Structures are given as structure tokens and as C-alpha cells.
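Coordinate analysis (summary)
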Amino acid sequence: MNERDLKFASWVISITSILYGVLSLAVMSRNGYSDGYYSWTVNRGFLPLPFIMLIIFGLLKLAGIIVHIRMMKRVAIVGLMFCWGFVWTSSLMSFITFGPNRTVITVLPIIAISTFIAMRGDYSE
């Protein structure tokens, strides 16, 4: 990936993470359901932590890109990689236990891009 592609991928990952986290929280607060497997946390009174962390790390990544702080970008991309991995794993468990869902397939590109950036060490200077 060249510098221009990394910068674009970093923007896409951070904005997608923020939007996915906000929309998932909105859906869960409205009907108490999100993709089956981890929706029970809302009904039991726990916080839906993966979505909150997606918003936090997405904002951290955006701030790191704008302010040009390398460590902030590094922490944010690794955090996003783990958050998206948790969302994908939970969706996979939902797919196995409850039946087909789209999230298992649609989250894979985001995980691939964030993992590639985190493993390669390119944090979009």
C-alpha cells in the first residue's frame, strides 16, 4: 500500500467504526437487539462494550490522523483491530447458533485492512 492508500484506508476504518458503533448502539437501545449473540447484555443491564470501544478507538484514530501523533494512531488501529475481531467472532457465534447473518461477511474487509495496517506498522503519517 502506498501513502495515499493508507491515509484513505485509515479514514475509512475510523469513520466506519464510529458509524457502526453509533448505529449499533441506537438499534440496541431502541429494540434491545443486535445480531443475536451479544444482545443479551442490554437486557441484563450491562453496557454493550464492543460498540462503545469502536466509537472511542475510531475517534482516537481520527484525532491521531488530524494531529499527526504516531502513538495515538498505533494504539487506535490495534484497538480497532481487536474490537472488529470481537464483533466478527460474536457474529460468527450468532451465525453458528442462531442462523445466517450478514455481519460475518461484511466485517471481514474491515478486519483485513486494520490487521494489515497494524501488522505492517504503517500508521498513516
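Going by the structure above, here's the rest.
Quick look at the structure, then. (Residues numbered from 1 in each chain as written. Predicted model: local features only at pLDDT ≥ 70, side-chain atom pairs only at ≥ 80, totals over all residues. Heavy atoms only, no water.)

1. Describing the overall build of the chain
- Secondary structure summary: the chain contains 6 helices and 0 strands in total.
- If you list the helices and strands of the chain from N to C, you get α-α-α-α-α-α.
- Within the chain, buried positions represent 43% of all 125 residues.
- Expressed as a percentage of contacts within the chain between residues at least 6 apart in sequence, the contacts between residues at least 24 apart total 65%.
- Counting every atom, the chain has about 7200 Å² of accessible surface; 72% of that belongs to carbon and sulfur. (Helix = DSSP H or I, 4+ residues; strand = E, 2+ residues; numbered from the N terminus. Buried < 20%, exposed > 50% of the residue type's maximum accessible area, 1.4 Å probe, protein only. Contact = heavy atoms within 4.5 Å. Areas by Shrake-Rupley, 256 points an atom, 1.4 Å probe, with all protein chains shown as cover.)

2. Some points on the side chain of Ser 14
- Tracing the chain through its elements places Ser 14 in helix H1 (residues 3–31).
- Judged by its relative accessible area of 0%, Ser 14 falls in the buried class.
- Look past the residues within four positions of Ser 14 in its chain and what remains in contact with it is Gly 58, Lys 61 and Leu 62.

3. Focus: the environment of Val 12
- Within the element layout of this structure, Val 12 appears in helix H1.
- Note on Val 12: relative accessible area 29%, which makes it partly exposed.
- Note: C-alpha distance between Val 12 and Leu 62 (50 residues apart in sequence) is 9.9 Å.

4. Side note on the packing of helix H3 (residues 49–67) against helix H4 (residues 70–97)
- Axis separation between H3 and H4 bottoms out at 8 Å; the angle between their running directions is 155°. Our classification of the angle between H3 and H4 gives roughly antiparallel. Pair H3 / H4 crosses with left-handed handedness. On H4, the residues touching Pro 50, Phe 51, Met 53, Leu 54, Phe 57, Gly 58, Leu 60, Lys 61, Ala 63, Gly 64 and Ile 65 of H3 are Met 72, Lys 73, Val 75, Ala 76, Ile 77, Gly 79, Leu 80, Cys 83, Trp 84, Phe 86 and Val 87.
- Counted by class, the contact of H3 with H4 contains 17 nonpolar, 3 polar and 2 charged residues. (Axes fitted to C-alpha atoms, helices over the stretch in contact; angles between N-to-C directions. Parallel < 35°, antiparallel > 145°, perpendicular 65-115°, else oblique. Left-handed = near helix turned anticlockwise from the far one by under 90°. Nonpolar A, V, L, I, M, F, W, Y, C, P; charged D, E, K, R; others polar.)

5. Topic: H4
- The end-to-end C-alpha separation of H4 is 41 Å, in line with the 40 Å expected for 28 residues at 1.5 Å each.
- One or two steps after H4, the chain reaches Gly 99, where phi turns positive at roughly 125°. (Expected span 1.5 Å × (residues − 1).)

All quantities given are derived from atomic positions and should not be read as evidence of function.
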